[in-house]
Amino acid sequence: MVRTLVACGAMLVAFVLSFMPVISNERNVPVHDHHLDHAVLMFFGVVAGLALYRQRGSAESPAWIWGAILAPLVATFLMAPSLYAAVDAWPWLHAFDHLAFVVLAMLAAYAGQRYVAGVGWAVAIMLQTMAVVAAFGYGVAPQRTAAAAESAAIGAAPAGDAARGKQLFAQNCAMCHGPEGAGAEAPRLKGEATRKNTAQLVAWIKKPAPPMPTLYPSPLNQRDVDDIAAYVEQLK
Amino acid sequence: MWAFLATGMAVFALMVLVGITLRIEQAHWLSYDPGIFYALMTLHGAGMIVGVALCGMGGLWYVMDRERPMSAALAWCAYAAIVLGVIAVLLSVLVGRFAAGWTFLFPLPFVGATWPDWATGAFLIGIAFVMTGWTIYCLQLLGCVLSAYGGLRGALGWDLVFHHDSFVASGRREPPPQAFAALVTAIDGLFAATGGMLVGVALIVHWIDRSIALDPLWAKNLTFEFGHTFANLTIYMAIGLVYVALPRYAAREWHTSPVLAIAWWGTLAFVATAYFHHLYMDFVQPRGFQYLGQVASYLAAFPPAVVTIFGGALLVYRAPMRWTMGSMFLYAGLIGWLIGGVGALIDATVPINFSLHNTVWVPAHFHTYLLEGVTLFVLGWIFTNLEAQSGRGSSLLTRWSAGLGVFGGGALLLLGWYIAGAESVPRRYAEQPPPGPAIAAWASVGAIVLALGLAVCLVEAVRLARASKVAA
């Protein structure tokens, strides 16, 4: 009786909480809070799953392991912050997304227990931990502590003047890399920014691998190198 | 078991060859593009860990299946997922030249990449497949241990420790030592998979949608929570095999005692929390984690030293020991583990870590316990089974050739890293500053001698396997 009440109660709470976006019409929940909301939903799903297992007292069966494996995996993909922005605009869709978390948590705990008693607890703790830990970095930008800001400042390259860099590029680089870095004798430079960041570009221009000639410190000085790097970064 | 062992050893052998090409490039005997060096280094790291893990997984699955039968079909599913992952990683590195290192630390796979975008995706998806296979394996192993010994309480040996007399009087069977290795592998393995799955999926999502921000410190914590724990567990899986195999040669039993149970509880806790020592130099890491990393790293050393290494030495001491290829490797592996562990402890000490962690001291210690620890345990296990099945042993010449190659060559290779590390030669550099190249030259000789020793083992294993078939 108690187990039935716990299972039904947990499911009811999870159901009501799932529809909070529709009830409260709350939008643009921060990603950190959103992950924690999911952790709460999954907690009730897990409680319902474990209580359901205890109430039914079913026999163990190897096939249930798939539920214990796939449910956390799918739930992790549902935690993608890309989805949060999309579902935020559609409260009903958002509610169904929440229900999916509840069902997956319930399935993970119940299936784990049906596989071997005790495994459901392990899977439930695993899932719950993932939901909570996600709140501290998944879709959440790092907090700018003083040490982090200092560290970023050390690694950052000074910004160059891309317009001046374009002129310098035409004079010093275009004969091999082609006009606007389209590629000729030397490799094409369009999209180079996807392969190297500013600091790496500057380092490469200063100390290239053969057959590219070394143009630093003469005829190019530090400012010239920064400007050319800024220009190359813009080549798409 | 043999599918896991054969695949694991094949991957291992391939990675030995890759490793030799890396070392001889650093010695300037061979010259190739640094981009290729870093791609090969990525492949070597990922491949080696997965290779030895496969061996340990197969062996431990086999010994625990004897305790309580498990589903072979499920083990095949885990195997298939891991093999698929290995193929994806091979494609990513060999075709796409992905070179962000096997630790794929964010944002390295995405920023300043010299490889195509698909290679990053293939690598991450490959790792996700490996992790899925690992999760299947850990859940299966956990199910086996829990059902064999009456739940978590029984598997931990709780009553054996706290209600010893009544436990003995009840006539209940205590879990054998290998069951503790299996329990720790399963629980800490799932703990590792939790972090690994989360950061793995987050990186895949970031690969698809770059607008999704990830906190690099968060990602680094989770990556090492998975990576360090997974790598560490390879040795604990192999230890399960030592518990079964070494007593056969010593004609003595390896008993489960309350001390052994308590030591494994310690291992359960400290293996999961020692990884923080990888982040000592991340000054934005909360300070509490740094203290935890220091304490856990030190404490993690005691249980294996007290129970397994000292216990193994006592098991062999004055026993009517039968020295064969199998027993030689099993016992030598304990020594390699001890030496590698001391190297790890030195690096895990905060003030020393600041000087050593970015040097080749780190590959020195982990190669010691992987090459002269886990690999030897696995070789010992393979030869134990082949010797038993064929009813034959190896000649003295074969034992000396294999021993000299594996231990002599291994010692030369490892000393190269330890000495260069003490000389502050940086790690993960294609081009090392002096005295790196000079040391790499004689370390390369060691690597080649080691490979020859392993080749002798392979030939001998094939000979014994053929004899086993004839005997059957």
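A quick note: this is a predicted structure, and the numbers were derived from the prediction, not measured.

Notes on the overall build of chain A
Within chain A one finds twelve helices and zero strands. Reading the helices (α) and strands (β) of chain A from amino to carboxyl end gives α-α-α-α-α-α-α-α-α-α-α-α. Buried positions account for 42% of the 236 residues belonging to chain A. For chain A, the proportion of contacts with a sequence separation of at least 24, taken over those separated by at least 6, is 75%. Roughly 12,000 Å² of accessible area belongs to chain A as shown, and the carbon and sulfur atoms make up 67% of that amount.

Some remarks on the state of the cysteines
Considering all chains together, one arrives at zero disulfides over all chains under this definition. In this model Cys173 of chain A remains outside any disulfide bridge; the closest cysteine sulfur is found in Cys176 of chain A, 8.6 Å from its own. The cysteine Cys77 of chain B is free of any disulfide, with Cys138 of chain B supplying the nearest cysteine sulfur at 15 Å.

Some words on the interface of chain B and chain A
Each partner contributes residues to the interface: chain B has 33 residues there, and chain A has 40 residues. Taking both sides of the interface into account, the surface hidden between chain B and chain A amounts to around 2,900 Å²; carbon and sulfur atoms contribute 79%. When the area that chain B buries against chain A is broken down by residue, the three leading residues are Leu139, Met197 and Leu198 of chain B, summing to 19%. Linking chain B to chain A there are zero salt bridges. At the surface where chain B touches chain A, the tally comes to three residue pairs in polar contact (both at pLDDT 80 or more). Where the side of chain B that touches chain A is concerned, the elements lending two or more residues are helix 3 (72-95), helix 4 (117-148), helix 8 (177-208) and helix 9 (216-250) of chain B. The dominant element in the side of chain B that touches chain A, judged by the number of residues it contributes, is helix 4 of chain B, at nine residues. Residues that form the side of chain B that touches chain A fall into these classes: 23 nonpolar, eight polar and two charged.

Some words on the side chain of His35 of chain A
Residues and elements named next belong to chain A. Counting through the fold element by element, His35 comes out in helix 3 (residues 31-56). On the accessibility criterion, His35 (1% relative accessible area) is buried. Excluding its chain neighbours within four sequence positions, the residues that come into contact with His35 are Met79, Pro81, Tyr84, Ala131, Ala134, Ala135 and Tyr138.

Some points on the confidence of the model for chain B
Per-residue pLDDT for chain B averages 92, and the proportion of residues at 70 or more is 100%. Scored by ipTM, the complex comes to 0.87, with pTM at 0.84.

Observations regarding the packing of helix 4 of chain B against helix 9 of chain B
Residues and elements named next belong to chain B. Two elements in contact, helix 4 and helix 9, have axes separated by 13 Å at closest approach and are oriented at 50°. For the element pair helix 4 / helix 9, the angle class is oblique. As helix 4 packs across helix 9, the resulting crossing turns out to be left-handed. Across the interface between the two elements, Met131, Trp134 and Tyr137 from helix 4 touch Phe226, Phe230, Leu233 and Met237 from helix 9.

Quick notes on the packing of aromatic side chains
Residue and element names in this part refer to chain B. What the rule picks out here adds up to 30 aromatic pairs over all chains. With a centroid separation of 5.7 Å and an interplanar angle of 75°, the aromatic rings of Trp323 and Tyr331 are classed as edge-to-face. Tyr331 sits in the partly exposed class, given a relative accessible area of 23%. An aromatic cluster of three or more residues is present, and its members are Tyr236, Tyr243, Trp254, Trp264, Trp337 and Phe377.

Here's the deal with helix 1 (residues 2-26) of chain B
If you check helix 1 of chain B, its first and last C-alpha atoms are 36 Å apart, about what 25 residues at 1.5 Å a residue would give, namely 36 Å. Just downstream of helix 1 of chain B lies His28 of chain B, where phi reads positive at about 70°.

Some remarks on the nonpolar core
Membership of the largest hydrophobic core comes to 189 residues, with the highest contact counts inside it found for Met79 and Tyr138 of chain A together with Met64 and Phe329 of chain B. Among the elements that make up this core, the one with the highest residue count is helix 9 of chain B (20 residues). When residues no more than four places from it in sequence are discounted, the contact partners of Met79 of chain A are His35, Met42, Tyr84, Phe101, Met130, Ala131, Ala134 and Tyr138 of chain A together with Leu198 of chain B. Listed in part, the 16 residues of the second largest apolar core include Leu201, Val202, Ala229 and Val232 of chain A.

Each value, and the rule that gives it
- All chains use their own residue numbering, which begins from 1 and follows the written sequence.
- The lettering of chains begins at A and the numbering of ligands begins at 1, in the order of writing.
- The predicted nature of this model means local features are confined to residues of pLDDT at least 70 and side-chain atom pairs, given and counted, to a pLDDT of 80 or more, with totals for whole chains, interfaces and linings taken over all residues.
- Excluded from the side-chain calculations are hydrogens and water; all other atoms, namely the structure's heavy atoms, are used.
- Only DSSP runs of H or I covering at least 4 residues are called helices, and only runs of E covering at least 2 are called strands; the numbering of each starts at the N terminus.
- Three exposure classes are used, based on accessible area relative to the maximum for each residue type with a 1.4 Å probe and protein chains only: buried under 20%, partly exposed in between, and exposed over 50%.
- Note on definitions: a residue-residue contact is assigned when non-hydrogen atoms from the two residues lie within 4.5 Å.
- For the area figures, the Shrake-Rupley method with a 1.4 Å probe applies, and any residue is considered shielded solely by the protein chains shown.
- Only a pair of cysteine sulfur atoms within 2.5 Å counts as a disulfide in this structure description.
- Joining two parts hides part of their accessible area as seen by a 1.4 Å probe, and the buried area is that hidden amount summed over both.
- Every case where a carboxyl oxygen of Asp or Glu lies within 4 Å of a side-chain nitrogen of Lys or Arg is listed as a salt bridge.
- Polar contacts here mean pairs of N or O atoms no more than 3.5 Å apart (in protein, one a potential hydrogen donor and the other a potential acceptor; neighbouring residues in sequence count only if both atoms are side-chain atoms).
- All amino acids are sorted into three groups, where Ala, Val, Leu, Ile, Met, Phe, Trp, Tyr, Cys and Pro are nonpolar, Asp, Glu, Lys and Arg are charged, and the leftover types, Gly among them, are polar.
- How sure the predictor is of each residue is captured by pLDDT, a score from 0 to 100.
- Angles run from 0 to 180 degrees between N-to-C directions of axes, and those axes are lines fitted to C-alpha atoms, restricted for helices to the stretch in contact.
- Should an angle fall under 35 degrees it is taken as roughly parallel, and over 145 as roughly antiparallel, whereas 65 to 115 is taken as roughly perpendicular and any remaining angle as oblique.
- Here a crossing is taken to be left-handed if its near helix is turned anticlockwise relative to the far helix by less than a right angle, and right-handed if that turn runs clockwise.
- Pairing of aromatic rings covers Phe, Tyr and the six-membered ring of Trp, with a centre-to-centre limit of 6.5 Å; geometry is then stacked below 30 degrees between planes, edge-to-face above 60, and tilted otherwise.
- Expected span, for any helix, means 1.5 Å times one less than how many residues it has.
- Buried Ala, Val, Leu, Ile, Met, Phe, Trp, Tyr and Cys residues that are joined via side-chain atoms within 4.5 Å together make up what is termed a nonpolar core.

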